[in-house]
Amino acid sequence: MVRVVSRSFRAFTVMLWSFLLNYWMLISLDVDGALDIPAAGPWFIGFMVGSIAGGYIWSGPGAGRERTQTRPRRPDADGKFSGGWRLALINAACALVLFGIGTAQLVRLSPTAPAVAVLVVAVIAGWALFRFPLPLQIRNGLLCLGLPVVWVALAFVGGATDQMAIPHASAYGALAGILLGGRYWCGPQFGAPRPPFNGQGRRRRRRKRRPKQQQQT
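Residues numbered from 1 in each chain as written. Predicted model: local features only at pLDDT ≥ 70, side-chain atom pairs only at ≥ 80, totals over all residues. Heavy atoms only, no water.

Colleague: Just checking my understanding: could you explain the packing of helix α4 (residues 85-109) against helix α7 (residues 165-181) for this structure?
Modeller: The description of two packed helices rests on the angle between their axes and on the distance between the axes. Where α4 contacts α7, the two axes come as close as 8 Å, and the packing angle between them is 165°. In terms of their interaxial angle, α4 and α7 are classed as roughly antiparallel. Classified by chirality, the crossing of α7 by α4 is left-handed. Facing Asn91, Cys94, Ala95, Leu98, Phe99, Ile101, Gly102, Gln105, Leu106 and Leu109 of α4, the residues of α7 in contact are Ala165, His168, Ala169, Tyr172, Leu175, Ala176, Leu179 and Leu180. (Axes fitted to C-alpha atoms, helices over the stretch in contact; angles between N-to-C directions. Helix = DSSP H or I, 4+ residues; strand = E, 2+ residues; numbered from the N terminus. Parallel < 35°, antiparallel > 145°, perpendicular 65-115°, else oblique. Left-handed = near helix turned anticlockwise from the far one by under 90°. Contact = heavy atoms within 4.5 Å.)

Okay, here's the thing in structure tokens:
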């Protein structure tokens, strides 16, 4: 997360959400009792330790210094961010990991056709949300309100049908779809983020205050 995924701001944000989702999934699915594996606590502590280890330099003349990117990303002349194979590879790998976790849950806990359909629909929904240029206000509203409401509704459905993996798998699928739909995967803009997240946005110019002329006496 800190050394590799942080090079892509969107992938880092999505994987940070997945960290909380992983922790909640390990608690709610009772992995400790079902598989006799203490997973939730070690996962949380291990993630924290790995983040600290990846964020600092541990050898050489700069030992103890916080690690920074040698080449920070800067917008091009037109104010947009360019892509590249590294960003595409990071986002594709993260999407594959998220989709793999969701699929593994369905295979382990809910291997039914409706559960698989929920995962596929979640991927398509996340992809469409970032593939088509919706206004930021609508997109943020769907992310902050729509996805949690759908997750809670699927949690009730999963509890009623004894398929507890459905809500978690849908969340993993939506996150994977966000990474797939939010970037160009072919053409000259390969690896670049799609609008409206491909630039820094418009900044308000600050008006310079003119010094008051001193009154001559």
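Now that the structure has been shown, we can carry on.
Colleague: Just to check I follow, could you spell out the packing of helix α1 (residues 9-28) against helix α3 (residues 40-54) for this structure?
Modeller: Put simply, α1 and α3 touch, their axes get as near as 9 Å, and they point 160° apart. The angle between the axes of α1 and α3 places the two elements in the roughly antiparallel class. Pair α1 / α3 crosses with left-handed handedness. In this structure, α1 uses Phe19, Asn22, Tyr23, Leu26 and Ile27 to contact α3, whose residues at the interface are Ala40, Trp43, Phe44, Phe47 and Met48. Class assignment of the residues belonging to the contact of α1 with α3 gives a composition of 9 nonpolar, 1 polar and no charged. (Nonpolar A, V, L, I, M, F, W, Y, C, P; charged D, E, K, R; others polar.)

Colleague: I'm lost on the nonpolar core in this one. Help?
Modeller: Within soluble globular proteins, side chains that are nonpolar generally end up buried alongside one another. Counting 22 residues, the largest nonpolar core has Cys94, Leu98 and Leu179 as its most contacted members. Secondary-structure elements contributing two or more residues to this core are α1, α4, α5 (113-131) and α7. The residues touching Leu98, leaving out its near neighbours within four places in the chain, are Val14, Met15, Ser18, Tyr172, Leu175, Ala176 and Leu179. By size, the runner-up hydrophobic cluster in this structure holds 7 residues, among which are Leu106, Ala115, Leu154 and Ala165. (Core = buried A, V, L, I, M, F, W, Y, C linked by side-chain atoms within 4.5 Å. Buried < 20%, exposed > 50% of the residue type's maximum accessible area, 1.4 Å probe, protein only.)

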